[in-house]
Amino acid sequence: MAVRIKDLLDLAIMKDFSVVAGEKGLNRVIETTEILDFEFTSEGEAYRKSSFEGKSIVLSVLLFAKDRPELILEAVKKLIAQNVQALAYKPVFFKELPQEALDYADEMNFPILEFGHDEFFEDVIIAVRDLIHRDSDYRRTELLIGQMLEGDLSPDENEAVSEEINPFFRPLITAIFAEAEPGDAERAERLIQSGSRLRSGAFITRYREAFLIVLSQDEKSDSGFSAQLMDVLTSCGLTDRVVSMGISGIHEKSAFDRTVREAFWTWKTAKIEKENVKFYKDLGIYKLIISHINSESTSEYMNDYLLPLFEEEGREGELLKTAAEYVLAGGDIGKTAERLFCHKNTIRYRISKLQEKLDPEADEKAFFLNLSAAIKIYLLLNEKK
């Protein structure tokens, strides 16, 4: 979630800025803000060569070009050469920029923004800096989440992670991974970036295509956590807009990593099972698989069992898809046929072929159990990517 030029336009201080050129470059990433003052005058030539760090948005009133508008095009070229990502100018000396400068910026996908009113440079710099700092915090949090998903942390590490993410967590926590429709997710992300405040016992961040929400309470109360979750979803504009959600059990803060993993894999299971909301306590056999999901033996079992299908038809073949839908339908031939828009006899034939290729010595019940384990591991590992 790097800070892009288009993200700046969601800041309150920059909401009235307009894009006058280079609109196709609004996805450019910035890391700082700089000011252009005298660097493109002849007196500032020597200083200019080392004045801009790059990966920045440069603010200017264009005083250096007051009586020489042709300098603006040259300035744009030099800023691009120094890896500056955008220019924002206050229309003090120039109500409109020379067309050749705008055309060149369009050609180079270099955004040029015009101040909306009399916004102070200092206020813009502070707002952009705060947004970049929040992004840095986000990337650090993303790294921590990744570490928790990969394996257990020690009690001390769990305590440190909890304190770093939110020092105001209460003793008991639950975690939720929630995915929203793209447009709704973008709006929620903007609210988080803009620094919207939640109650001190809660936390929300974006992680990949979903949001991780951590809630905390003093007592184990399902209704209390449900009310708190609704507050968080409402504050981010996600009420009734979540398409899939996985909810962990309730644990002590010392099990922070376990809580996050439960929520993550419950969410992945909800997606596989095409359910809107799923609770960890209701996962059934998935619980056993998830507890060993990062084990080499788990992936080895799946690969060995399904290898004949992988070798014959790859991972997009008809038999593998049939096996997945058969498992997700709980072994019901009729439901599998409906899922795949096939006749029941076609499904029966494919299931027979599957057993012949994968597990010819097993009886029907053992075959389904073995196939279910392999397919569920396969689906979960593919959802992990």
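Residues numbered from 1 in each chain as written. Predicted model: local features only at pLDDT ≥ 70, side-chain atom pairs only at ≥ 80, totals over all residues. Heavy atoms only, no water.

Section: the overall build of the protein chain
A count of helices and strands for the protein chain gives 15 helices and 11 strands. By its C-alpha atoms, the protein chain is 90 × 50 × 35 Å across when sized along the principal axes. Classification of the 385 residues of the protein chain by burial places 50% in the buried group. The long-range fraction of contacts in the protein chain, counting pairs at least 24 apart against all pairs at least 6 apart in sequence, stands at 73%. As displayed, the protein chain offers around 19,300 Å² of accessible surface, 49% of which is attributable to carbon and sulfur atoms. (Helix = DSSP H or I, 4+ residues; strand = E, 2+ residues; numbered from the N terminus. Buried < 20%, exposed > 50% of the residue type's maximum accessible area, 1.4 Å probe, protein only. Contact = heavy atoms within 4.5 Å. Areas by Shrake-Rupley, 256 points an atom, 1.4 Å probe, with all protein chains shown as cover.)

Considering the nonpolar core
The biggest cluster of nonpolar side chains holds 57 residues, and the ones touching the most others in it are Phe177, Phe256, Leu306, Leu371 and Ile375. It is helix α15 (residues 364-384) that provides the largest number of residues to this core, a total of nine residues. Core analysis: the second largest hydrophobic core is formed by 24 residues, Val58, Leu79, Val84 and Phe110 among them. (Core = buried A, V, L, I, M, F, W, Y, C linked by side-chain atoms within 4.5 Å.)

Thoughts on the environment of glutamate 119
Along the polypeptide, glutamate 119 turns up in the loop between β5 (112-114) and α5 (121-150). The exposure class assigned to glutamate 119 is buried, which follows from its relative accessible area of 9%. In the structure, glutamate 119 is positioned 106 residues away from isoleucine 13 in sequence and 7.1 Å away in space, judged by C-alpha atoms. Here glutamate 119 is in contact with Ile13, Asp16, Phe17, Lys90 and Val124, once residues within four sequence places are set aside. Polar contacts involving the side chain of glutamate 119 include one to the main-chain amide nitrogen of histidine 117, which spans 2.9 Å. (Polar contact = N/O pair within 3.5 Å; in protein donor to acceptor, adjacent residues only side chain to side chain.)

Things to note about helix α4 (residues 99-107)
All buried positions along α4 are accounted for by Ala101, Leu102 and Ala105. The arc enclosing the buried residues of α4, seen along the axis, measures out at 100 degrees, which places them on a common side. Contact partners of the buried residues in α4: β1 (18-21), α3 (70-81) and β5. The first or second residue beyond α4 is asparagine 109, which carries a positive phi of 55 degrees. (Arc of directions from axis to C-beta.)

Quick notes on helix α6 (residues 155-165)
Listed as buried for α6 are Asn158, Val161, Ser162 and Ile165. Along the long axis of α6, the arc covered by the buried residues comes to 100 degrees, so they all point the same way. On the buried face of α6, the contacting elements are α5, β7 (202-207) and α9 (256-272).

Digging into the sheet that holds strand β4 (residues 86-89)
Each strand in a sheet pairs with its neighbour through backbone hydrogen bonds, running either in the same direction (parallel) or in the opposite one (antiparallel). Spatially, five strands are ordered β1-β5-β4-β3-β2 in an open sheet, and the strand pairing comes out mixed. The open sheet terminates on both sides in strands that have one partner only, identified here as β1 and β2 (32-36). Mean inter-strand twist for the sheet, computed between neighbouring axes without regard to direction, equals 30 degrees. By the bridge criterion, five bridges tie β2 to strand β3 (residues 56-60) in an arrangement that is parallel. From the neighbouring strand, threonine 33 faces β3, where its bridge partner is isoleucine 57. α4 contacts β1 and β5 of the sheet and is inclined by roughly 95 degrees relative to β1. With respect to the sheet, α5 is in contact with β2 and β3, its orientation differing from that of β2 by roughly 155 degrees. (Pairing = 2+ DSSP bridges. Axes fitted to C-alpha atoms, helices over the stretch in contact; angles between N-to-C directions.)

So, the environment of serine 200
Within the fold, serine 200 resides in the loop between α7 (182-193) and β7. Sequence separation between serine 200 and arginine 170 is 30 residues, and the spatial gap between their C-alpha atoms is 8.9 Å. Ignoring anything within four residues of it in the chain, the contact list for serine 200 reads Asn166, Phe168 and Phe169.

Observations concerning a nonpolar patch on the surface
Side chains of Leu63, Val92 and Phe93 sit close together on the surface and give an oily, nonpolar patch of about 240 Å² of accessible area. Within the secondary structure layout, phenylalanine 93 lies in the loop between β4 and α4. Residue class for phenylalanine 93 comes out partly exposed when judged on its relative accessible area of 33%. (Patch = residues over 30% accessible without salt bridge, like charges linked within 9 Å, V, L, I, M, F, W, Y side chains within 5 Å. Salt bridge = Lys/Arg side-chain N within 4 Å of Asp/Glu carboxyl O.)

Section: the side chain of glutamine 85
Relative to the helices and strands, glutamine 85 is located in the loop between α3 and β4. Since its relative accessible area comes to 10%, glutamine 85 is described here as buried. At a separation of 3.2 Å, a polar atom in the side chain of glutamine 85 contacts the side chain of arginine 28. When neighbours within four sequence positions are excluded, glutamine 85 is seen to be in contact with Arg28, Val29, Ile30, Lys55, Ser56, Phe110 and Pro111.

Some remarks on the packing of aromatic side chains
Here the structure, examined in full by the defined rule, presents 11 aromatic pairs. Seen from their ring centres, phenylalanine 177 and phenylalanine 264 are 5.3 Å apart, and the 80 degrees between their planes marks the pair as edge-to-face. Here phenylalanine 264 lies in helix α9 and phenylalanine 177 lies in strand β6 (residues 172-180), a separation of 87 residues in the sequence. Note on phenylalanine 264: relative accessible area 2%, which makes it buried. Each ring, one from phenylalanine 177 and one from tryptophan 267, has its centre 5.8 Å from the other, and the planes form 10 degrees; the classification is stacked. Residue phenylalanine 177 is found in strand β6, and its partner tryptophan 267 is found in helix α9; the two are separated by 90 residues along the sequence. Judged by relative accessible area, phenylalanine 177 falls into the buried class, the value being 0%. Joined through ring pairs, the aromatic side chains of Phe177, Tyr207, Phe264, Trp265 and Trp267 make up one cluster. (Phe/Tyr/Trp six-rings, centres within 6.5 Å; stacked < 30°, edge-to-face > 60°.)

Here's the deal with the packing of α5 against α9
The N-to-C vectors of α5 and α9 enclose an angle of 85 degrees; their axes lie 8 Å apart at closest approach. Between α5 and α9, the interaxial angle falls into the category roughly perpendicular. Contacts from Ile145, Met148 and Leu149 of α5 reach α9 at Phe256, Asp257, Val260, Arg261 and Phe264. Split by residue class, the contact of α5 with α9 holds six nonpolar, no polar and two charged. (Parallel < 35°, antiparallel > 145°, perpendicular 65-115°, else oblique. Nonpolar A, V, L, I, M, F, W, Y, C, P; charged D, E, K, R; others polar.)

These values are about where atoms sit, not about what they do.
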